[in-house]
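As a plain string of letters, each chain reads:
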Amino acid sequence: MHDELRLNNQVCFRLYSAARLMMQAYTPFLNELGITYPQYLVLMVLWEKDALPVNDIAHRLLLETNTVTPLIQRMEKQGIVTRQRGKEDKRQQIVSLTEKGRALEEQAYRIIPKGMGERLAVCPLSMNDFQKLSSELDDIIGALK
């Protein structure tokens, strides 16, 4: 067998496993909020800057608009966001937080950082290590996109 094809030699497998397990760790906290992980990502974008076009949200999440649009439609049905036509460009859909969507930020702040901190406390990495890892992952993402 070629060493390059061994599972243990694959960085992609480790990234995939870490991402899958990280999302799984978030699930109980997000269930408490009544949202999914992809919805949480959209919310984090809107908590940073509200009233964004769907294209901008998709760009920030490194996703296609046809992936983000159904997600936003479900969030609108849940009363978390609203959509309206752009004032300058009627083809644009501007997504804004509702009061419920804004309130979710405070709820998330109360449970997610603490809860995930406790889940990751068993990991030997320090906060500094996580920040360095984030920077290194940004380098990988930048090289691949």
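Residues numbered from 1 in each chain as written. Predicted model: local features only at pLDDT ≥ 70, side-chain atom pairs only at ≥ 80, totals over all residues. Heavy atoms only, no water.

**Overview of the overall build of the chain**
Helix and strand counts for the chain stand at six helices and three strands. In the chain, the succession of α and β elements from N to C terminus is α-α-β-α-α-β-β-α-α. A principal-axis box enclosing the C-alpha atoms of the chain has dimensions of 55 × 35 × 25 Å. For the chain, the proportion of its 145 residues judged to be buried stands at 27%. Restricting the contact set of the chain to residue pairs at least 6 apart, pairs at least 24 apart contribute 49%. (Helix = DSSP H or I, 4+ residues; strand = E, 2+ residues; numbered from the N terminus. Buried < 20%, exposed > 50% of the residue type's maximum accessible area, 1.4 Å probe, protein only. Contact = heavy atoms within 4.5 Å.)

**Some words on the nonpolar core**
Counting 30 residues, the largest nonpolar core has Ile 57 and Ile 112 as the members making the most contacts within it. Elements with a minimum of two residues in this core: helix H1 (11–33), helix H2 (37–48), helix H3 (54–60), helix H4 (65–77), strand S3 (93–97) and helix H5 (99–120). No other element matches the six residues that H2 contributes to this core. Excluding residues within four positions of it along the chain, Ile 57 makes contact with Val 42, Val 45, Leu 46, Leu 52, Val 68, Ile 72 and Val 95. (Core = buried A, V, L, I, M, F, W, Y, C linked by side-chain atoms within 4.5 Å.)

**So, the sheet that holds strand S1 (residues 52–53)**
As a general point, the strands of a sheet are linked pairwise by backbone hydrogen bonds and lie either parallel or antiparallel. The antiparallel open sheet is built from three strands, whose spatial order is S1-S3-S2. Looking at strand neighbours, the two that pair on one side only are S1 and strand S2 (81–85), the edges of this open sheet. (Pairing = 2+ DSSP bridges.)

Any functional reading would require information beyond the geometric quantities listed.
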